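Summary of structural features
Each chain, written out:
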Amino acid sequence: MELRKDPITRSWVITGDDPTGPRVESVCRFCPDAASAPQVIATMPNTGGVPWSARALVHPTPLYHIEGEPARRGDGLYDRMHSVGAHEVLVENSRHDHHLWNASEAEIEWFFRMAAERIFDLKRDPRIKYVSLFKDYGGSAGQEFSHPTSQITATMFVPRRVLYELRAGREYFLTKERCVFCDIINQEERQALRVIESRGDYIALCPYAPRVPYEAWILPRNHDAAFEHTALVRQGQLADLAAILRRTLQRVRTFTEEFHLVLHTSPSSQHPSKTLGYWKTIDDDYHWHIELLPVLGSKARSYTFKEVYYSPVSSETAVKQLREAKIDG
Ligand SMILES: [Zn+2]
Ligand SMILES: [Zn+2]
Ligand SMILES: [Zn+2]
């Protein structure tokens, strides 16, 4: 596997011939009694009669390896490098059937604390530019394991979509001296057209220009660029985040079981890029958030191969249906 940069769009892609092919999961390797568990990186303490509450493990077939040098090099006009970085599996719960939508708030809080500690730790590696957390649930979403898991990748580049957000956040801040996400939250709260729910320090809303039907974002209402900062410093508020995530997932799941979840946090500030200058105002111009992208097979009609997103349910309709969805709480 290696990383190649598209010279036109400047996005990195990971490519190569995967020797392992699709995996068949016979027994769960993430349950506490698994015979051959992958290498454990960190464990959150046991609570309420379970051996542990959340865990980080090395991905069994990692896309990125922590050892070695990226050896970034040119090939004529092209750029390539080795896939150096980290690829971890975050086991959200020791119980095989406790998912983010049916686990207790306390259990989801442990998962967030685990995630925050891993992101914080990986960002200290001076080679790492960005740490991504994501979850793919359902066959069409590319789910890999049956156990409740998310994944973390730590890369030597900033993924393209995050880069768009960072550039847009910086540009907005340069002209207005305000955070664009804070402004979005203020306007959405004032208009009350697309807010699914507010809970303590957190808000869930349908974005004004959704990429897919029922797309939902969860943001902290108080400005903070880094998720791991909020999660480690303001631990008392994690219960609200756990509750709003669980409730939003329950709402989305009344329309489809399959979804992608991504956490967008600030890039590593150990990389103050002089030419790009993203990080000079990063604490003020970026605002962490979670994006939920439901996968609706029948409505995934694509125009010109996703160059223009097509979402046949407007945010104003989606928010009404999501608010009225019957959930357990
Ligand atoms: Zn399991
Ligand atoms: Zn903000
Ligand atoms: Zn985002």
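For the structure, check the block above.
Below or above, wherever it landed, is the structure these notes cover. (Residues numbered from 1 in each chain as written. Chains lettered and ligands numbered in written order. Predicted model: local features only at pLDDT ≥ 70, side-chain atom pairs only at ≥ 80, totals over all residues. Heavy atoms only, no water.)

For the chain, the count of helices and strands is 7 helices and 14 strands. Against the globule reference of 20 Å for 329 residues, the chain gives a C-alpha radius of gyration of 20 Å, in line with a compact fold. A principal-axis box enclosing the C-alpha atoms of the chain has dimensions of 55 × 50 × 40 Å. Within the chain, buried positions represent 50% of all 329 residues. Counted over contacts in the chain with a minimum sequence separation of 6, partners at least 24 positions apart contribute 70%. Accessible surface, the chain as shown: approximately 15800 Å² in total, 51% of it carbon and sulfur. Within the chain, one finds 41 positive and 43 negative side-chain charges whose respective centroids are separated by 3 Å. (Helix = DSSP H or I, 4+ residues; strand = E, 2+ residues; numbered from the N terminus. Rg over C-alpha atoms; globule rule 2.2 N^0.38 Å. Buried < 20%, exposed > 50% of the residue type's maximum accessible area, 1.4 Å probe, protein only. Contact = heavy atoms within 4.5 Å. Areas by Shrake-Rupley, 256 points an atom, 1.4 Å probe, with all protein chains shown as cover. Lys, Arg positive; Asp, Glu negative; His and termini not counted. Charge placed at Lys NZ, Arg CZ, Asp CG, Glu CD.)

Moving on to the nonpolar core. Ranked by internal contacts, the top residues of the largest apolar core, which has 51 residues, are Leu-90, Phe-112, Phe-227, Leu-241 and Ile-290. Apart from residues no more than four positions distant in its own chain, Phe-112 is found in contact with Phe-227, Leu-238, Leu-241, Ala-242, Leu-245 and Ile-290. (Core = buried A, V, L, I, M, F, W, Y, C linked by side-chain atoms within 4.5 Å.)

The next thing to look at is the pattern of salt bridges. Within the structure shown, the criterion is met by 26 salt bridges. Note that Arg-194 is salt-bridged to Glu-188, the shortest N-O span being 3.1 Å. With respect to burial, Arg-194 and Glu-188 carry one shared label: buried. Across the salt bridge formed by Glu-291 and Arg-211, the nearest N and O atoms sit 2.6 Å from each other. Of this pair, Glu-291 sits in strand β14 (residues 289-294) while Arg-211 sits in the loop between β11 (202-205) and β12 (216-220), placing them 80 residues apart in sequence. On the basis of relative accessible area, Arg-211 is assigned to the buried category, the value being 10%. Beyond isolated ion pairs, a larger network of salt bridges with shared partners links Glu-2, Arg-4, Arg-73, Asp-75 and Arg-80. (Salt bridge = Lys/Arg side-chain N within 4 Å of Asp/Glu carboxyl O.)

Quick look at the coordination of the zinc ion (ligand 3) now. Distances from the zinc ion (ligand 3) to its protein donors, namely Glu-165 (OE), Glu-165 (OE), His-264 (ND1), His-289 (NE2) and Glu-291 (OE), fall within the range 1.9 to 2.7 Å. Look at where the donors of the zinc ion (ligand 3) fall in the sequence and you get E-x98-H-x24-H-x1-E. Considered together, His-289 and Glu-291 belong to a single accessibility category, that of buried residues. (Donors = N, O, S within 2.8 Å, 3.2 Å for Na, K, Ca; no water.)

Let's shift gears to the sheet that holds strand β1 (residues 2-5). Each strand in a sheet pairs with its neighbour through backbone hydrogen bonds, running either in the same direction (parallel) or in the opposite one (antiparallel). As summarised here, the arrangement of the 4 strands in space is β2-β1-β6-β5, forming an open sheet in which the pairing is antiparallel. Looking at strand neighbours, the two that pair on one side only are β2 (12-15) and β5 (73-75), the edges of this open sheet. Strand-to-strand, the axes of this sheet are offset by a mean angle of 35°, without reference to chain direction. As paired elements, β1 and strand β6 (residues 78-82) share 4 bridges and run antiparallel to each other. Along β6, the bridge assignment pairs Glu-2 with His-82. (Pairing = 2+ DSSP bridges. Axes fitted to C-alpha atoms, helices over the stretch in contact; angles between N-to-C directions.)

This next bit is on the packing of helix α1 (residues 105-123) against helix α5 (residues 238-253). Two measures define how a pair of helices packs: the angle their axes make with one another and the distance between the axes. The geometry of α1 relative to α5 is characterised by a closest axis approach of 8 Å and an angle of 110° between their N-to-C directions. When the axis of α1 is compared with that of α5, the two are roughly perpendicular. Only Leu-238, Ala-239, Leu-241, Ala-242, Ala-243, Leu-245 and Arg-246 of α5 make contact with α1, whose side of the interface consists of Glu-105, Ile-108, Glu-109, Phe-112 and Arg-113. Looking at the contact of α1 with α5 residue by residue, the class counts come to 8 nonpolar, no polar and 4 charged. (Parallel < 35°, antiparallel > 145°, perpendicular 65-115°, else oblique. Nonpolar A, V, L, I, M, F, W, Y, C, P; charged D, E, K, R; others polar.)

Let us now look at the environment of Gly-139. Secondary-structure assignment places Gly-139 in the loop between β8 (130-137) and β9 (149-155). Residues Gly-139 and Glu-257 lie 118 residues apart in sequence; the distance between their C-alpha atoms is 9.9 Å.

There is a patch of nonpolar side chains on the surface, built from Met-1, Ile-14 and Leu-63 and spanning about 230 Å² of accessible area. With respect to the helices and strands, the residue Leu-63 is situated in the loop between β4 (54-58) and β5. (Patch = residues over 30% accessible without salt bridge, like charges linked within 9 Å, V, L, I, M, F, W, Y side chains within 5 Å.)

The subject of this paragraph is the sheet that holds β8. With antiparallel pairing, the 10 strands of this open sheet are ordered in space as β3-β4-β7-β9-β8-β13-β14-β12-β11-β10. In this open sheet, the two edge strands, each paired with only one partner strand, are β3 (40-44) and β10 (195-199). Adjacent strand axes in the sheet meet at a mean angle of 15° when their direction is disregarded.

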